[in-house]
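Geometric and topological summary
What follows is the residue order along each chain.
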Amino acid sequence: MALLSAAPSAATEIGVVTVVEGSARLLRGASWFKVPAGTRVEEADILEAAERGQVQVEFAAGSIADLVGSGQVYIIAAPAKTAPTALQVPGGWLKVVAAPPGLRLRTLPLELVIVDGVLVLHANGAAVEFFVESGAAKLIDAAPRPDGPARDVKAGQYGSTSASGAVVVVAGAPIAFADALPKHFLDALPVLAATLKAKPALVVEREITFAEAEPWLAGRDRAVFERRFSSRLRDPAFRSAVAPNVARYPMWDRLLNPQKYAPSDAPAAAPVK
Amino acid sequence: MKLIWKFNLVLLGIFALGFAVAGYMSYRSLQSNAREEILQNARLMMEAASSSRNYTITQVKPLLDTQMKYHFLPQTVPAYAATEQFNELRKKHPDYTYKEATLNPTNPRNRVADWEGDVVNIFRNTSTTSEVIGERDTPAGRALYLSRPIQVKSKSCLDCHSTAEAAPKTMIELYGSANGFGWKMDEVIGAQIVSVPMNVPIERANKTFATFMGSLAAVFVAIFVLLNVMLYTMVIRRVTRLAGIANNVSLGNMDAGEFKTHSKDEIGVLTESMGRMKASLLQAMKMLEG
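To start, this report covers the structure provided alongside it. (Residues numbered from 1 in each chain as written. Chains lettered and ligands numbered in written order. Predicted model: local features only at pLDDT ≥ 70, side-chain atom pairs only at ≥ 80, totals over all residues. Heavy atoms only, no water.)

So, on to the overall build of chain A. Summing up its helical and strand segments, chain A has 7 helices and 15 strands in all. A compact globule built from 273 residues would reach a C-alpha radius of gyration of about 19 Å, and chain A, at 20 Å, matches this within 12%. Here the C-alpha coordinates of chain A stretch approximately 65 × 45 × 35 Å along the principal axes. Among the 273 residues that make up chain A, the fraction classed as buried is 48%. Once local pairs closer than 6 in sequence are excluded, the contacts in chain A between residues at least 24 apart make up 52%. As displayed, chain A offers around 12,600 Å² of accessible surface, 58% of which is attributable to carbon and sulfur atoms. Computing the positive centroid from 28 side-chain charges and the negative centroid from 27, chain A places the two 4 Å apart. (Helix = DSSP H or I, 4+ residues; strand = E, 2+ residues; numbered from the N terminus. Rg over C-alpha atoms; globule rule 2.2 N^0.38 Å. Buried < 20%, exposed > 50% of the residue type's maximum accessible area, 1.4 Å probe, protein only. Contact = heavy atoms within 4.5 Å. Areas by Shrake-Rupley, 256 points an atom, 1.4 Å probe, with all protein chains shown as cover. Lys, Arg positive; Asp, Glu negative; His and termini not counted. Charge placed at Lys NZ, Arg CZ, Asp CG, Glu CD.)

Below, the structure is given as structure tokens:
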């Protein structure tokens, strides 16, 4: 029950949204917020840009990430100040300008760590391609295991997942990749944080639906998201959407069906209403 | 020889000499000015091309550096920028040409023609030569060319032109790996050549010369006629009449006419003097007779 009533804890601001074009929004806790320029982003925020939408974040540490939709970026808490900020990118185009301690880009088939340089990533589930514009990156093929061996990718090299799932790195970006790039990725990303002093108040759009939450609940951080979205179980519509597959979510199953987990000699607790 | 012939002969001589000297001086001056104007045009165009190069290097290329990582953009190449800028100008002035004639160019359109190779070699063989000016015949007429050396002065040039392996992949994709490599620091690899047509300024100078000489001739003719009229009416006619009367009087014909005049000029004074002399002569003769 404590999880159900817990509001999102106050997190540290780690960056500011400096550019918003088209339709974009931010998921904090279990609520979608409108995301005007100047919005401060926190660890665990999820930014989403709709088709042709764009949202750029400048991190306090100096790195910049520009997302072009349709796509999402999940900003994962860094384990230490000296560790790179991790961004999970399930889909969309992302251009990053990394400054120490850098950025760690997580996709389904691979991870890229770039400390100082510029990198463009295009993710669409398991199909991922990337190009290192400048600097160098470390490529970790996540297919065997998330912390698999890293290999260096130099400036000017392009990598993509092949049909077999392996990541192939070659020199130079293919024309198809260059042609598909969002046009503004062909220029340097603007640095605008210093011009955005005002801090706009966040306006809630609505709560997250189960359909929107499901991909996150099926991902690598399912436990984190189960805990994060548990407050939504108070919503009958959300709860009824969870019910058919509740067995996939043990934490929620315990909350929704406590009688299943009650000791046989103890009285069953009332299920969540 | 009559006085008027002597006078006219001298006058014609002076006019002819003046006409020749003025013609020679003005022709030389006009031709020199025309050539200077052509050269000035060529220099202006050379400076415009060089400015275009510098603008491209300092302002355009940095803006397109990111794009260059995906596509090679010839617009970032100073030679391309200067040539394209000049090509726009040529739409209105097709007789003017600009070329970055290069011995081993990346872009084949910059490859030297025979005569351009000679110019480039002048710069390569004499490092102190900073400018070569010459004239040549073209299908459009005679043209003056002005050329300056293109020298590898920046290491950034070698990023694209040292070896094919070191050159940007996007550039190799566009131009291939056969040409435009092997350049060395401080090497003269080509020449900027501006070619300016000479016909128009020279024709203008010739027209100006003809107009000037025609005007000068007209002035000489007018002066000649006027001087002759004045000489005849003011001198020749009066002196002839005076001489005729004096001649008759000297022969004893005292009825030949009177030395009359209303003029106070030198001939008038002479006429009056002759009249007094005739009167004195008549009085002396009467005294002798009496």
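On we go from here.
The subject of this paragraph is the interface of chain B and chain A. Residue-level contacts link 7 residues of chain B with 16 residues of chain A. Across the chain B to chain A interface the summed buried area is about 940 Å²; carbon plus sulfur atoms make up 57%. If you sort the residues of chain B by the area they bury against chain A, T66, K69 and Y70 of chain B come out on top, with a joint share of 60%. The interface formed by chain B and chain A contains 0 salt bridges. At the surface where chain B touches chain A, the tally comes to 3 residue pairs in polar contact (both at pLDDT 80 or more). Across the side of chain B that touches chain A, the residue classes tally to 2 nonpolar, 3 polar and 2 charged. (Buried area = accessible area lost by both parts, 1.4 Å probe. Salt bridge = Lys/Arg side-chain N within 4 Å of Asp/Glu carboxyl O. Polar contact = N/O pair within 3.5 Å; in protein donor to acceptor, adjacent residues only side chain to side chain. Nonpolar A, V, L, I, M, F, W, Y, C, P; charged D, E, K, R; others polar.)

What follows concerns a nonpolar patch on the surface. All names here are of chain B. Residues L17, V21, Y24 and M25 make up a contiguous nonpolar surface patch of about 450 Å² in total accessible area. Topologically, V21 is positioned in helix α1 (residues 3-68). A relative accessible area of 46% places V21 in the partly exposed class. (Patch = residues over 30% accessible without salt bridge, like charges linked within 9 Å, V, L, I, M, F, W, Y side chains within 5 Å.)

All right, on to the sheet that holds strand β2 (residues 132-138) of chain B then. One key point about sheets: their strands pair by backbone hydrogen bonds, in either a parallel or an antiparallel sense. All names here are of chain B. Read across the open sheet, the 4 strands follow the order β1-β4-β3-β2; overall the sheet is antiparallel. Two strands close off the open sheet at either side, each with one partner strand: β1 (97-102) and β2. Neighbour to neighbour, the strand axes of the sheet diverge by 25 degrees on average, direction disregarded. The sheet contact formed by strand β3 (residues 141-151) and strand β4 (residues 188-197) spans 9 bridges and is antiparallel. What sits directly across from Y145, in β4, is S195. (Pairing = 2+ DSSP bridges. Axes fitted to C-alpha atoms, helices over the stretch in contact; angles between N-to-C directions.)

The subject of this paragraph is the nonpolar core. All names here are of chain A. Residues L87, L94, L119 and F130 are the most contacted members of the largest nonpolar core, which totals 36 residues. Considering every element that reaches this core, the biggest residue donor is strand β10 (residues 110-124), with 6 residues. With near-sequence residues (within four places) excluded, L119 lies in contact with L94, K95, V96, L105, L112, I114, F130, F131, V132, E133 and A137. By size, the runner-up hydrophobic cluster in this structure holds 22 residues, among which are A86, A213, V242 and L255. (Core = buried A, V, L, I, M, F, W, Y, C linked by side-chain atoms within 4.5 Å.)

Residue and element names in this part refer to chain A. Taking burial as the measure, the 13 residues of strand β7 (residues 64-76) include 12 buried ones, the bulk of the element. Of the strand pairs in this sheet, strand β5 (residues 46-49) and β7 are connected by 4 bridges, and their pairing is antiparallel. Bridge pairing links A49 to G71 in β7. Between strand β6 (residues 54-59) and β7, which pair antiparallel one after the other, the connecting turn spans 4 residues, and G62 there sits at a positive phi close to 115 degrees. Pairing geometry for β7 and strand β8 (residues 85-98), over 9 bridges, is antiparallel. Bridging from a neighbouring strand, L67 pairs with L94 of β8.

What follows is about unusual backbone geometry. Of the consecutive residues G69 of chain A and S70 of chain A, the connecting peptide bond is found in the cis state with omega at 10 degrees. For A44 of chain A, which is not glycine, the phi dihedral falls at a positive 80 degrees. On the basis of relative accessible area, A44 of chain A is assigned to the partly exposed category, the value being 29%. The phi angle at D186 of chain B is positive, at roughly 70 degrees, despite the residue not being glycine. Locating D186 of chain B in the fold gives a position in the loop between α5 (169-175) and β4.

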